[in-house]
Amino acid sequence: MAIEDLISSVPTGLWIGGEERQAASTFNVLDPSDDQVLATVADATAADAVAALDAACAVQAEWAATAPRKRGEILRSVFEKITERADDIAALMTLEMGKVLAESKGEVAYGAEFFRWFSEEAVRIAGRFTPAPAGTGRILVTKQAVGPCYAITPWNFPLAMGTRKMGPAFAAGCTMIVKPAQETPLTMLLLAKLMDEAGLPRGVLSVLPTSNPGAVTSALVDDGRLRKLTFTGSTGVGKALVKQSADKLLRTSMELGGNAPFIVFDDADVDAAVDGAILAKMRNGGEACTAANRFHVANSVREEFTDKLVKRMSEFTLGKGIDPASTLGPLINSKQVSTVTELVSDAVSKGATVAVGGVAPGGPGNFYPATVLADVPADARILKEEIFGPVAPITGFDTEDEGVAAANNTEYGLAAYVYTQSLDRALRVAEGIQSGMVGINRGVISDAAAPFGGIKESGFGREGGIEGIDEYLDTKYIALTR
């Protein structure tokens, strides 16, 4: 489909109660490769948020009472609809977010999988029926939908961060309002249209693009009818949302920032580690909470690892994501380019060496090259702060204990990567790493069938796996007389 036709096929109004509605004002969505306007979309207000919650509440009881098999069949239909339109969704995502087409196609496949996975989990919501230990009756435990939910999704994965929340919510029988990031609302609006075509009952999903997220969020969080808030984004915003939600004691799940260590031990297969490093660092152009943020490499193999990583990183081709020749697209905006530039400059000023890249090319678009920093000192900000860009800072260690200590020297705890050929060491280190997820000899760990989430200041709650649906279920105990 031509780009103009693709853009024109996307709803640009608010999606409330299963239909497109106009708003009093609008805002522009920009292409980060050249900062040109892609589309103008409706700008939701607090009143629009209340209207969306009205729609969700109106159908909540009916949706929760819908047979689990029926809910699962609808989710399966959504999976099939996304798969049919995969090329269009990928192109749209690339246009509004910047990632190269291959990355977008990978996200479409990953994001769709949450609907297939949770279509199968919808019929497996379990309870139990047991005798009371005192012999006075029976204990019946059942699980019920939490109720209307509010999801706030980020710009870096415009499809998958929404489907990872919607899949379990809808499988559990919850309605949901989604606020996509201001930078990337088009993918979510197209998804809403596709879900309507796939048979999702009207009112079960609303999508509210907005340039004023504070007003929209406050209107929903402060309304006693909302029962759950789920957020993916920065730790700072997550903390503020948890505080805001406390007054109504909302159920919350928070998938927050990361500072993933990538540890290469002296017995690692260095070539395999470099392959994994490319995947863990450069997926999504480095704009991922699971991206390898700092590379702790045993000093005995550090030079070899650095040389081979530099060679691989130098092979990336900067360009518009929609261009098939590009292997690295732009960052999301100029602010992110400035953030990455500052972190690199700070590291260099403290003694790090730029082995490749390290300078934004300038000109139109928000580009930054694949970069490797060697000999990064321990006090460099880049080892402590989330980069969200294609920069790999490398530092060394001597002993296993030093490597683990360096990996754990952060307030975050989302993902970690470990390369070693020793099974004993792999298990020992995986248990010692303070992280919600650990990849052993692999650079990609996300899987719809596995629980995704972190510890410490990376948040709480899990998305995906058999655990994911529990985030949208309340447990009810019913006492029965014998």
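Residues numbered from 1 in each chain as written. Predicted model: local features only at pLDDT ≥ 70, side-chain atom pairs only at ≥ 80, totals over all residues. Heavy atoms only, no water.

Take the overall build of the protein chain next. Scanning the protein chain from N- to C-terminus turns up 14 helices and 20 strands. Expected size for 482 residues packed as a compact globule is a radius of gyration near 23 Å; at 23 Å, the protein chain falls within 12% of this value. Taken along the three principal axes of its C-alpha coordinates, the protein chain extends 70 × 65 × 40 Å. Out of the 482 residues belonging to the protein chain, those deemed buried represent 56%. Here the analysis covers contacts within the protein chain between residues at least 6 apart in sequence; of these, 73% occur between residues at least 24 apart. When the accessible area of the protein chain is evaluated, it comes to approximately 18,500 Å², of which 52% is carbon and sulfur surface. Taking the 45 positively charged and 60 negatively charged side chains of the protein chain as two groups, their mean positions are separated by 8 Å. (Helix = DSSP H or I, 4+ residues; strand = E, 2+ residues; numbered from the N terminus. Rg over C-alpha atoms; globule rule 2.2 N^0.38 Å. Buried < 20%, exposed > 50% of the residue type's maximum accessible area, 1.4 Å probe, protein only. Contact = heavy atoms within 4.5 Å. Areas by Shrake-Rupley, 256 points an atom, 1.4 Å probe, with all protein chains shown as cover. Lys, Arg positive; Asp, Glu negative; His and termini not counted. Charge placed at Lys NZ, Arg CZ, Asp CG, Glu CD.)

Moving on, we come to the nonpolar core. Soluble, globular proteins show a tendency: their nonpolar side chains are buried together. In terms of nonpolar packing, the biggest core is built from 107 residues, with Met-166, Phe-170, Phe-262, Phe-305 and Leu-309 touching the most fellow members. Here this core takes eight residues from helix α7 (residues 186-197), the largest share from any one element. Apart from the residues lying within four places of it in its own chain, the contact partners of Leu-309 are Val-274, Ala-277, Ile-278, Val-372, Ala-392 and Ile-394. Core analysis: the second largest hydrophobic core is formed by 23 residues, Ile-16, Leu-229, Leu-241 and Leu-256 among them. (Core = buried A, V, L, I, M, F, W, Y, C linked by side-chain atoms within 4.5 Å.)

What follows deals with the sheet that holds strand β12 (residues 260-264). Spatial strand order, β14-β15-β16-β13-β12-β17-β18: seven strands in an open sheet with mixed pairing. Single-partner strands in this sheet number two, and they are β14 (353-356) and β18 (437-440). Neighbour to neighbour, the strand axes of the sheet diverge by 25 degrees on average, direction disregarded. Pairing geometry for β12 and strand β13 (residues 292-298), over five bridges, is parallel. Counterpart to Phe-262 in the pairing with β13 is Phe-295. (Pairing = 2+ DSSP bridges. Axes fitted to C-alpha atoms, helices over the stretch in contact; angles between N-to-C directions.)

Here the structure, examined in full by the defined rule, presents eight aromatic pairs. Note on Phe-262 and Phe-295: the rings are 5.1 Å apart at their centroids and 40 degrees apart in plane angle, and the pair reads as tilted. Here Phe-295 lies in strand β13 and Phe-262 lies in strand β12, a separation of 33 residues in the sequence. Phe-262 sits in the buried class, given a relative accessible area of 0%. Each ring, one from Phe-262 and one from Tyr-419, has its centre 5.2 Å from the other, and the planes form 20 degrees; the classification is stacked. You can see Phe-262 sitting in strand β12 and its partner Tyr-419 sitting in strand β17 (residues 415-419), a full 157 residues away along the chain. (Phe/Tyr/Trp six-rings, centres within 6.5 Å; stacked < 30°, edge-to-face > 60°.)

All right, on to the pattern of salt bridges then. Counted according to the given criterion, the structure contains 28 salt bridges. Between Glu-113 and Arg-116 there is a salt bridge, with its nearest N and O atoms 2.9 Å apart. Of this pair, Glu-113 and Arg-116 both sit in helix α5 (residues 101-121), three residues apart, which is roughly one turn of the helix. Taken together, the shared-partner salt bridges connect Asp-266, Asp-267, Glu-400, Arg-425 and Arg-428 into one network. (Salt bridge = Lys/Arg side-chain N within 4 Å of Asp/Glu carboxyl O.)

Moving on, we get to the environment of Gly-199. Mapped onto the fold, Gly-199 is located in the loop between α7 and β9 (205-207). Given the relative accessible area of 38%, Gly-199 is considered partly exposed. Separated by 28 residues in sequence, Gly-199 and Ala-171 have C-alpha atoms that sit 14 Å apart.

On to the UniProt feature "domain: Aldehyde dehydrogenase" (unreviewed entry) in the protein chain. Look at the UniProt record and you will see "domain: Aldehyde dehydrogenase" (unreviewed entry) annotated at residues 23-478. The span residues 23-478 carries 39% helix and 20% strand; its end-to-end C-alpha distance comes to 46 Å. (UniProt positions renumbered as here; feature names shortened; annotations may be inferred.)

The next point concerns helix α12 (residues 334-349). With 16 residues, α12 extends 22 Å between its outermost C-alpha atoms, agreeing within 8% with the 22 Å of an ideal straight helix rising 1.5 Å per residue. Looking at the buried residues of α12, the elements they touch are β15 (371-374) and β16 (391-397). The first or second residue beyond α12 is Gly-351, which carries a positive phi of 120 degrees. (Expected span 1.5 Å × (residues − 1).)

The sites that UniProt annotates as "active site" (unreviewed entry) are Glu-255. Following the sequence through the fold, Glu-255 ends up in strand β11 (residues 251-255). Not counting chain neighbours up to four residues away, the residues in contact with Glu-255 comprise Met-161, Arg-164, Phe-231, Thr-232, Gly-233, Cys-289, Leu-414, Phe-452, Ser-458 and Glu-463. Among the polar contacts made by the side chain of Glu-255, one reaches the side chain of Arg-164 at a distance of 3.0 Å. (Polar contact = N/O pair within 3.5 Å; in protein donor to acceptor, adjacent residues only side chain to side chain.)

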